[in-house]
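Observations on the three-dimensional arrangement
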Amino acid sequence: MEKADVEPRGIYLDIKGFRDRPPIVLGIAVGETFEQVVTDADFGDAALAKDLRFNRFEDEVQALVVRCRRESRRIFAFSRQILHAIEHFTPSAAAVMDLYEDARELALLWHEKSRRGAEPDWSLADFLADLERPQPRLLAPKHTSSRLRYVEQQLRKHGAYDAITGGAKAKWTKLLQQNESDTRGTRELVLHAARELTCR
């Protein structure tokens, strides 16, 4: 695979969940195609309500490794939280590390070379705002845990997605929107940074 093809052919990932548990939602972007996989059985009915696929996180990561090797692709993610999750909740950490590209490090390198002034603690939202692609405020990451916790409580209390409150359904929808925005945003940032670095 040519170096210029690495970023466009990459598999871009974003997870949503709690730090001490396997992820609940995995976002996957390949080219313009985006897919969400629910990886926590407690959210299975919520997945069905949104026509989302369910798979164990461990199995989904293994399938991604196989796909990367078969199709000569690399894995990109902005947050190293996904590496933490893979290390702690799957046996695939070594395989993923061989395929992993750090989107944050690439973005920081682009800013350093172009003297744009990014700080090491910049979030994905900060970089996208710098690209004049600000994320909607309602999708801010500070709401992730509270949204998931409330949806989980409602699902446990009522037993079915159809029975949970409208507020819980809205939080689930926003969580999925945030996951999609972050996954696609990571790809956009990486492609832009790679183009800029190639021109320098």
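Heads up: these notes are all about the structure in this document. (Residues numbered from 1 in each chain as written. Predicted model: local features only at pLDDT ≥ 70, side-chain atom pairs only at ≥ 80, totals over all residues. Heavy atoms only, no water.)

Considering the packing of helix α7 (residues 144–158) against helix α8 (residues 166–198)
- Their axes nearest at 9 Å, the elements α7 and α8 cross at an angle of 135°. The angle between α7 and α8 falls in the class oblique. Considering how the two elements wind past one another, α7 and α8 form a crossing that is left-handed. In contact with Thr-144, Arg-147, Leu-148, Tyr-150, Val-151 and Gln-154 of α7, α8 contributes Gly-167, Ala-168, Lys-171, Trp-172, Lys-174, Leu-175 and Gln-178.
- Broken down by class, the residue content of the contact of α7 with α8 amounts to 6 nonpolar, 4 polar and 3 charged. (Axes fitted to C-alpha atoms, helices over the stretch in contact; angles between N-to-C directions. Helix = DSSP H or I, 4+ residues; strand = E, 2+ residues; numbered from the N terminus. Parallel < 35°, antiparallel > 145°, perpendicular 65-115°, else oblique. Left-handed = near helix turned anticlockwise from the far one by under 90°. Contact = heavy atoms within 4.5 Å. Nonpolar A, V, L, I, M, F, W, Y, C, P; charged D, E, K, R; others polar.)

What to know about the packing of helix α5 (residues 103–114) against α8
- Between α5 and α8, the shortest axis-to-axis distance is 9 Å and the interhelical angle comes to 40°. The angle between the axes of α5 and α8 places the two elements in the oblique class. Handedness of the α5/α8 crossing: left-handed. Each of Ala-103, Leu-106, Ala-107, Leu-109, Trp-110 and Lys-113 in α5 lies in contact with α8, whose residues at this interface are Thr-186, Leu-189, Val-190, His-192, Ala-193, Ala-194, Glu-196 and Leu-197.
- Of the residues in the contact of α5 with α8, the class split is 10 nonpolar, 2 polar and 2 charged.

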